[in-house]
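Okay, here's what each chain looks like letter by letter:
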There are 2 protein chains.
Amino acid sequence: MSDHSLVVSPAALKAFIVSVFDRWGTPPMIADLTADLMVRTDLRGVDSHGVGMLPTYHRWFRRGWIVPTAEPKIVRDETTTAVVDGQQAFGHYTSTLAMELAIAKARVHGVGFVTCRNSNHYGAAANYSMMALAQDMVGISLTNSGPAVVPTYGRQAMLGTNPISVAAPAGGECPFVLDMATSTVAIGKLSVALRWGKPIPPGWALDREGLPTTDPTVAYQTRHLTPLGATRELGGHKGYGLAVMVDILAGVLAGATFVDARRRDPDPVRADIGHFFGAIDIARFRDLAAFKADMDDLLRALKQSPKAEGQDRIYVAGEPEWESEQRRRRDGIPLAPLLVGQLREVSAETGAPFTLGV
Amino acid sequence: MSDHSLVVSPAALKAFIVSVFDRWGTPPMIADLTADLMVRTDLRGVDSHGVGMLPTYHRWFRRGWIVPTAEPKIVRDETTTAVVDGQQAFGHYTSTLAMELAIAKARVHGVGFVTCRNSNHYGAAANYSMMALAQDMVGISLTNSGPAVVPTYGRQAMLGTNPISVAAPAGGECPFVLDMATSTVAIGKLSVALRWGKPIPPGWALDREGLPTTDPTVAYQTRHLTPLGATRELGGHKGYGLAVMVDILAGVLAGATFVDARRRDPDPVRADIGHFFGAIDIARFRDLAAFKADMDDLLRALKQSPKAEGQDRIYVAGEPEWESEQRRRRDGIPLAPLLVGQLREVSAETGAPFTLGV
């Protein structure tokens, strides 16, 4: 595993992912949609949730969790709400259909909310909240995930990193796109640190005894992340509360698995991940142009406010990712040595040619 | 101001608050509703948002921001959404009406969302999300507030502590009631520390130079709070992002003031605080009994999970407040010396007799 890092074009990366999915027997439309979202995630600089997940997806496919040919079913459909059973299809595919449905409902009725159960890892939460932007809506995207976060005062991982994404359009400014794990950091940040062999800051994760660790290997093995806030004194109970909130909306309300079900079944036959999507039509509340002008005002005011000692820039959520996308579309997407090695293994195991470099 | 602390009964506290509101010319129904919510907040142990706010409300009333006789107006009413202009009425009154409207819409259409503008401080966010519980709905309550939180990499307070509250019913267990400022701590925590003369932990607040301070007086004066996560390394940009999200939904979407407007008008003629309320009917997604059984499973699994070294209990959001309510209904509500002095001043200035003790 002495691979070097690589820099690849978005097109080459997508082609490789599609060829892997093809070997799994994935219908072309589903392979294309999923690969597109994965590459877009890498373009946006969210290295933990793009092609970096392909080795995991390959494991899940072989375990029978991901069923590439499955078609999600709308099992309940009412005025403003719907429930989708993902049928173990790719999480990206199920989530795209569900968010489209939420948007369609919001177009007619003002708001739309759709839950998904029996789904898989859906990549970056923002992929779906951002679908609302072009429709001049506010988009909401939540998902639960495998145990990684330790409750305040606990020492066992009971909750996923359960991300929250909310997107809102602006006028001339970049749209607001929040996409955050409710843990201090996402598990992906640990795998990125592991991939590059870097120590992690204290406060991110706990060892088996529940004590802070800076070793990315230990942290990645225990998967004992702290909730956002890190300690009780700094508000860790708030991150814990947000993580539970996500498990309630994306897990319990969706009828998907949630922390307790996972605890009771250590060797499940499917991931049964749950999602929660929402779309809110801005024009039902305010004149759209006035909303966008105020959004520009808000975002500019934040960015133009005085900087802390030693800082020359204040960001708003979504801006670093937007800039990464411009940069990486031009310069390519860097892949760390460990990931290159993992992708070579996926290539060898599936028979999809490794076309990403020497 | 050499007052002692006092312990008062809920009934006595409510009677005092009502008598103050009466001197302002508040109609009895509005005075009763507002005082009830304030006392309930103190019962729940949220000392920063109950009667502790009365001196502030008195200042706002005298400044003309709170108009005790005002009636909120529904200025837009569609299928699943509505917009309420608070007309500068008490925030508690406007918010109760708005959440009732959201619940009524959710009863008929599955979900309901209502924004409010031109409102005032609404007390504890959970007062309104909890209204959904008895209706077997999930309740959402957000509000913006005056500048107190410094953006990541900034040194000027640009955002309110902008709380998020989400409530969901359980079966046998206490309902889940999250109510959290998106700052590391709420401004009220600083005033409580100031009231009792206690130093604050490092990471809660910044001084004028943007450096951490442990002095509650300095922190209360600058009102330079950190967003949840405290530092960039521990995820402070996430708390910052959540605070902006709340300002977008409760401020911009509601057509209320938001950070930039406040910046431009240092001496406003009204508070123009904005709120965002939501209700989601659980039965549209799942069988209600199954949802509640799973909620009990989820909450019990968390509470029964292994404890950290030196800890003997894991809480879930809403539980400490529920227990405080049982305790304080029995034992009374403690008032700190500084607050007692402030309430005496309100009594003297309004002519409402000070009936809370010697």
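Residues numbered from 1 in each chain as written. Chains lettered and ligands numbered in written order. Predicted model: local features only at pLDDT ≥ 70, side-chain atom pairs only at ≥ 80, totals over all residues.

1. A short note on the overall build of chain A
Piece 1. Assigned secondary structure in chain A consists of 12 helices and 12 strands.
Piece 2. Over its C-alpha trace chain A gives a radius of gyration of 20 Å, about what one expects of a compact globule, namely 21 Å for 358 residues.
Piece 3. Projecting the C-alpha coordinates of chain A onto the three principal axes gives extents of approximately 55 × 50 × 45 Å.
Piece 4. Within chain A, the fraction of its 358 residues that count as buried is 60%.
Piece 5. Once local pairs closer than 6 in sequence are excluded, the contacts in chain A between residues at least 24 apart make up 63%. (Helix = DSSP H or I, 4+ residues; strand = E, 2+ residues; numbered from the N terminus. Rg over C-alpha atoms; globule rule 2.2 N^0.38 Å. Buried ≥ 20, exposed ≤ 12 C-beta atoms within 10 Å, placed from the backbone. Contact = placed C-beta atoms within 7 Å.)

2. Examining the pairing of strand S3 (residues 81-85) of chain A
Residues and elements named next belong to chain A.
Piece 1. Taken across its five residues, S3 has five buried, putting it largely inside the fold.
Piece 2. Burial along S3 is two-sided: the residues Thr81, Val83 and Asp85 and Ala82 and Val84 are all buried.
Piece 3. The sheet contact formed by strand S2 (residues 73-77) and S3 spans four bridges and is antiparallel. Paired with Arg76 across the bridge in S3 is Val83.
Piece 4. From the end of S2 to the start of S3, which pair antiparallel, there are three residues.
Piece 5. Pairing of S3 with strand S4 (residues 111-119) involves five bridges; the strand directions are parallel. (Pairing = 2+ DSSP bridges.)

3. Examining the relation of the copies chain A and chain B
Piece 1. Placing chain A over chain B gives an RMSD of 0.0 Å and needs a rotation angle of 180 degrees, together with 0.0 Å of translation along the axis. Such a turn and shift between the copies fits a two-fold axis. Across chain A, the rotation axis passes nearest the C-alpha of Gly229(A), at a separation of 2.2 Å.
Piece 2. Looking at the interface residues of chain A, 100% of them are also at the interface in chain B, so both copies use one shared face. (Least-squares fit on C-alpha atoms with pLDDT ≥ 70 in both.)

4. Focus: the domain arrangement of chain A
All names here are of chain A.
Piece 1. Segmentation of chain A into domains returns domain 1 (6-184 + 226-289 + 318-350) and domain 2 (191-225).
Piece 2. Listed by partner, the interface residues are 16 residues for domain 1 and 12 residues for domain 2.
Piece 3. Of the residues contributing to the side of domain 1 that touches domain 2, the split by class is eight nonpolar, six polar and two charged. (Domains from an automatic or database assignment. Nonpolar A, V, L, I, M, F, W, Y, C, P; charged D, E, K, R; others polar.)

5. Regarding the interface of chain A and chain B
Piece 1. Taken together, the contacts link 67 residues of chain A with 67 residues of chain B.
Piece 2. Listing elements by their share of the side of chain A that touches chain B, those giving two or more residues are S3, S4, strand S6 (164-168), strand S7 (176-180), helix H8 (236-252), helix H9 (259-264) and helix H10 (288-304) of chain A.
Piece 3. Looking at side-chain class alone, the side of chain A that touches chain B contains 36 nonpolar, 17 polar and 14 charged residues.

6. A word on the confidence of the model for chain A
Piece 1. Looking at chain A, pLDDT values average 94 and 98% of them are 70 or higher.
Piece 2. The complex model carries a pTM of 0.96, and its ipTM stands at 0.96. (pLDDT = per-residue confidence, 0-100.)

7. Considerations on the packing of helix H2 (residues 28-43) of chain B against helix H4 (residues 91-109) of chain B
In a packed pair of helices, the relevant descriptors are the angle between the two axes and the axis-to-axis distance.
Residue and element names in this part refer to chain B.
Piece 1. In the contact formed by H2 and H4, the axes pass within 9 Å of each other and the chain directions differ by 90 degrees. Classified by the angle between their axes, H2 and H4 sit roughly perpendicular to one another. Where H2 approaches H4, its residues Ile30, Leu33, Thr34 and Leu37 are matched on the opposing element by His92, Tyr93 and Thr96.
Piece 2. Class assignment for the residues of the contact of H2 with H4 results in four nonpolar, three polar and no charged. (Axes fitted to C-alpha atoms, helices over the stretch in contact; angles between N-to-C directions. Parallel < 35°, antiparallel > 145°, perpendicular 65-115°, else oblique.)

8. Some thoughts on the environment of Thr94(A)
Residue and element names in this part refer to chain A.
Piece 1. Here Thr94 is to be found in helix H4 (residues 91-109).
Piece 2. Exposure remark for Thr94: the 27 C-beta atoms within 10 Å place this residue in the buried category.
Piece 3. Sequence separation between Thr94 and Gly318 is 224 residues; the distance between their C-alpha atoms is 24 Å.
Piece 4. If sequence neighbours within four positions are ignored, Thr94 has contacts with Pro72, Val84, Gly86, Ala89, Cys116 and Ser119.

9. Focus: the sheet that holds strand S3 (residues 81-85) of chain B
The strands making up a sheet associate through backbone hydrogen bonding, with each pair oriented either parallel or antiparallel.
Residues and elements named next belong to chain B.
Piece 1. Spatial strand order, S2-S3-S4-S11-S5-S6-S7: seven strands in an open sheet with mixed pairing. The sheet is open, and its two edges are formed by strand S2 (73-77) and strand S7 (176-180), each paired on a single side. Each adjacent strand pair in this sheet contributes to an overall mean axis angle of 15 degrees, direction not counted.
Piece 2. Together, S3, strand S4 (111-119), strand S5 (137-143) and strand S11 (273-281) form the strand contacts of H4, whose direction differs from that of S4 by roughly 160 degrees.

10. A short note on the environment of His237(A)
Residues and elements named next belong to chain A.
Piece 1. Here His237 lies in helix H8.
Piece 2. On the basis of neighbour counts, which here come to 22 C-beta atoms within 10 Å, the residue His237 falls in the buried class.
Piece 3. For the pair His237 and Pro151, spaced 86 residues apart in sequence, the C-alpha separation works out to 7.7 Å.
Piece 4. Those residues within four positions of His237 in sequence are excluded, and the remaining contacts are Thr152, Gly229 and Arg232.

11. Some details on unusual backbone geometry
Note: most peptide bonds trans; most residues except glycine with negative phi.
Piece 1. Phi at Asp136(A) takes a positive value of approximately 55 degrees, unusual for a residue other than glycine.
Piece 2. With respect to the helices and strands, Asp136(A) occurs in the loop between helix H5 (126-129) and strand S5 (137-143).

12. Some points on the sheet that holds strand S8 (residues 205-206) of chain A
Residues and elements named next belong to chain A.
Piece 1. As summarised here, the arrangement of the three strands in space is S9-S8-S10, forming an open sheet in which the pairing is antiparallel. Strands at the two margins of the open sheet, each flanked by one partner only, are strand S9 (212-213) and strand S10 (224-225).
Piece 2. Bridge count between S8 and S9: two bridges; the pairing is antiparallel. Across the sheet, Leu206 pairs through a bridge with Pro212, a residue of S9.

13. What to know about the nonpolar core
It is characteristic of soluble globular proteins that their nonpolar side chains tend to be buried jointly.
Piece 1. Among the nonpolar cores identified, the biggest contains 232 residues, and Ile17(A), Ala102(A), Phe176(A), Ala102(B) and Phe176(B) are the most heavily contacted of them.
Piece 2. Taken domain by domain, the makeup of this core includes at least three residues from each of domain 1 (6-184 + 226-289 + 318-350) and domain 2 (191-225) of chain A.
Piece 3. Not counting residues within four places of it along the chain, the set of residues in contact with Ala102(A) comprises Gly112(A), Phe113(A), Val114(A), Phe277(A), Gly278(A) and Ala279(A). (Core = buried A, V, L, I, M, F, W, Y, C linked by C-beta atoms within 7 Å.)

14. Examining the packing of helix H1 (residues 10-23) of chain A against helix H2 (residues 28-43) of chain A
Residues and elements named next belong to chain A.
Piece 1. Following both chains from N to C, one finds H1 and H2 inclined at 140 degrees, their axes separated by 9 Å at the closest point. Comparing their axes, H2 and H1 come out oblique. Crossing hand, H1 versus H2: right-handed. Residues Pro10, Leu13, Lys14, Ile17, Val18, Phe21 and Asp22 of H1 form the contact with H2, whose own contacting residues are Ala31, Asp32, Thr34, Ala35, Asp36, Met38, Val39, Asp42 and Leu43. (Left-handed = near helix turned anticlockwise from the far one by under 90°.)

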